[in-house]
Amino acid sequence: MLRNMFKKTYTIIDSHYKHQKDEKDEPSIPEGLWRKCNKCGQPIYVEDVKNNFYICPKCGGYFRVHAYRRLEMLLDEGSFEEWNQEMPFSNPLDFPGYEKKVEAAREKTGLNEAIVTGKGRIDGFETAVGVCDARFMMSSMGHVVGEKITQMVERATAEKLPVILFACSGGARMQEGLVSLMQMAKTSAALERHHEAGQLFVSVLTDPTTGGVTASFAMLGDIILAEPGALIGFAGPRVIQQTIGQKLPEGFQRSEFLLEHGFIDQIVERDQQREVLAQILKLHCKPEKSECAKTAADGEKDAEPVEKSTKKWNNSGKSAWDMVQLSRDSHRPTALDYIHQIFDDFMEFHGDRYFGDDGAIVGGIASFHGTPVTVIGQQKGKTTKDNLKRNFGMPSPEGYRKALRLMKQAETFGRPIICFVDTPGAFCGIEAEERGQGEAIARNLFEMSALNVPVLSIVIGEGGSGGALAMAVANEVWMMENAIYSILSPEGFASILWKDSKKAPDAARVMKITAEDLYERGMIEEIIPEANPADEDTLPELAGTISRKMEKFLKKYESLTGEEIRRQRYDRFRVM
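Now for a quick tour of the structure. Quick caveat, the model's predicted, so the values are computed rather than measured.

Counting 125 residues, the largest nonpolar core has Tyr 338, Phe 343 and Phe 420 as the members making the most contacts within it. With eight residues, the single largest contributor to this core is helix α22 (residues 539-558). Residues within four places of Tyr 338 in sequence aside, it is in contact with Pro 333, Phe 343, Phe 420, Ile 460, Met 480, Ala 534, Leu 539, Leu 542 and Ile 546. Of all hydrophobic cores here, the second largest spans 10 residues; its members include Met 323, Val 324, Ile 484 and Ala 494.

Okay, here's the thing in structure tokens:
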């Protein structure tokens, strides 16, 4: 028995000695060097996270970033000048314990309040910038937050600076009651004045952006960006579930959900935000004299005007029905093909801000020989899958509303608008009628007629009915040589008038829908020649022709006032 007890004791001592030896041999890890990811639960090296823009290297999850650290990642080194760093505390309701809570947040974060504002440079472009910090009472918006944002926007307006705001908030600050609610109206009113002054506001939504902040300044950006996976919504998911007992769909109120439903322009990865914001600022600069105008002036003698000779447009004996077939050819370049070939720095924006993002219409901002422009196109697909995504180039109401949103944005910033028209017609499904297809088209006709910036529309394939006209209330309309522009399809025309869709070739002839027909009748201003039918091989040559003519177009309208541009457009349609 004694032998067994001794053996057992020896085993325990030996085990303890080995454990001590193992601990001594292991490298000691300093406090705070490692953390556990609160998204995937994996251990992560803190320095790796910092070097990875505060993104988990294991799962790709985004951590919230302190205001000053975000400014470090975003701005040119040494360029930040802080505004209103210290502002006096106020407790409008004399809410018990509120002052102590604010003092605790100040001590914990080193901040005066839940937002840091000031100005700095991004790749040399000066901008006013504000960054919310969730560590300070979940960045809820009380009087001081609202006042800092408002004063930043007012100063930016006075100094003609763009504004970039990184939103992050749990909503209104409960301890300030109705005073907090009024900050929603105050910040929105300041941004409206900024907008009327023609200055840019970019809103960047981070996790979470909820409540009164979502229902005010955060969703009022001329351009709205979001970080991946960010929670964005007016009422939080838990509140919705508890209030109405409704099961919420997967990914509800996340950035990706908002992009799909048309409320934001882009989701931008954190490591790309500086580059994307710099590009946006660059495309919103207002040069004294555009490079495009200089190029046009230098090369004006080289540009060949379109001749009205019917001999020039004899189309090698092609019939109108041949043109219809060519206009529909699946090998013809699409709007995006022309956009990428003609313009630099194209940045696509999404959504109508009401319902969804229609793949049948693409649009955004770009640079044409140094001149910022807005480009919009009706987009067909090249594969079955892509055509389903693009609805075969047939836009829904949200597509036309997206196009109009981008046009109004162009007007605010004085950008010319270039439209590429290519559609069989507007989508005529039940859901399109439910969402107001007729109203959406009518609204485009109404608003486009009054735009005070030049609009150029180019029919690159099919120009089908009102669905095409909603993108062609322009100062000038051009057509590719093998494009068509018609009241409806020849098949539809033949069915209505002759009760026989097989007579479509005859209908195409009598409808006068070819570029030559319409040019002869003064319905279009230019024909873009196609020595060979447009396809991938001929695209560079065609794009070059369009570019040369576009230089002349922009130079022609650059010297006109907004009223003169509107009047010219009105007179163009008035005589038809």
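Viewed as axis vectors pointing N to C, helix α5 (residues 143-158) and helix α6 (residues 177-196) meet at an angle of 10°, and their least axial separation amounts to 9 Å. By the criterion of interaxial angle, the relationship of α5 to α6 is roughly parallel. Of α6, the residues touching α5 (which contributes His 143, Gly 146, Glu 147, Ile 149, Thr 150, Val 153, Ala 156 and Thr 157) are Val 179, Gln 183, Lys 186, Thr 187, Ala 190, Leu 191, Arg 193 and His 194. Split into classes, the residues belonging to the contact of α5 with α6 amount to six nonpolar, seven polar and three charged.

The next subject is the packing of aromatic side chains. In this structure the tally under the stated criterion is nine aromatic pairs. When the centroid spacing of 6.2 Å and the interplanar angle of 90° are considered together, the rings of Trp 478 and Phe 553 count as edge-to-face. Taken as a pair, Trp 478 in strand β16 (residues 476-480) and Phe 553 in helix α22 lie far apart in primary sequence, 75 residues in all. Neither residue differs from the other here; Trp 478 and Phe 553 are each classed as buried. On the numbers, 6.0 Å between centres and 85° between planes, the contact of Phe 493 with Trp 498 is edge-to-face. On the basis of relative accessibility, which here comes to 18%, the residue Phe 493 falls in the buried class. On the basis of relative accessible area, Trp 498 is assigned to the partly exposed category, the value being 32%. An aromatic cluster is defined as three or more aromatic residues linked by ring pairs; in this entry it consists of Tyr 338, Phe 343, Phe 368 and Phe 420. Sitting above the plane of the Phe 446 ring, Arg 443 keeps its charged end 5.4 Å from the centroid.

Attention now moves to the pairing of strand β15 (residues 455-464). Judged by how many residues are buried, β15 sits mostly within the fold: 10 of 10 residues are covered. Judged from the six bridges that link them, strand β14 (residues 417-423) and β15 form a sheet pairing that is parallel. Of the residues in β15, the one forming a bridge with Cys 419 is Ser 457. Taken together, the four bridges between β15 and β16 define a ladder with parallel strand orientation. For Leu 456, the partnering residue across the bridge sits in β16 and is Glu 476.

Analysis parameters
- Residues numbered from 1 in each chain as written.
- Predicted model: local features only at pLDDT ≥ 70, side-chain atom pairs only at ≥ 80, totals over all residues.
- Heavy atoms only, no water.
- Core = buried A, V, L, I, M, F, W, Y, C linked by side-chain atoms within 4.5 Å.
- Buried < 20%, exposed > 50% of the residue type's maximum accessible area, 1.4 Å probe, protein only.
- Helix = DSSP H or I, 4+ residues; strand = E, 2+ residues; numbered from the N terminus.
- Contact = heavy atoms within 4.5 Å.
- Axes fitted to C-alpha atoms, helices over the stretch in contact; angles between N-to-C directions.
- Parallel < 35°, antiparallel > 145°, perpendicular 65-115°, else oblique.
- Nonpolar A, V, L, I, M, F, W, Y, C, P; charged D, E, K, R; others polar.
- Phe/Tyr/Trp six-rings, centres within 6.5 Å; stacked < 30°, edge-to-face > 60°.
- Lys NZ or Arg CZ within 6 Å of the ring centre and 35° of its normal.
- Pairing = 2+ DSSP bridges.

As far as function goes, none of this settles anything; it's purely spatial.
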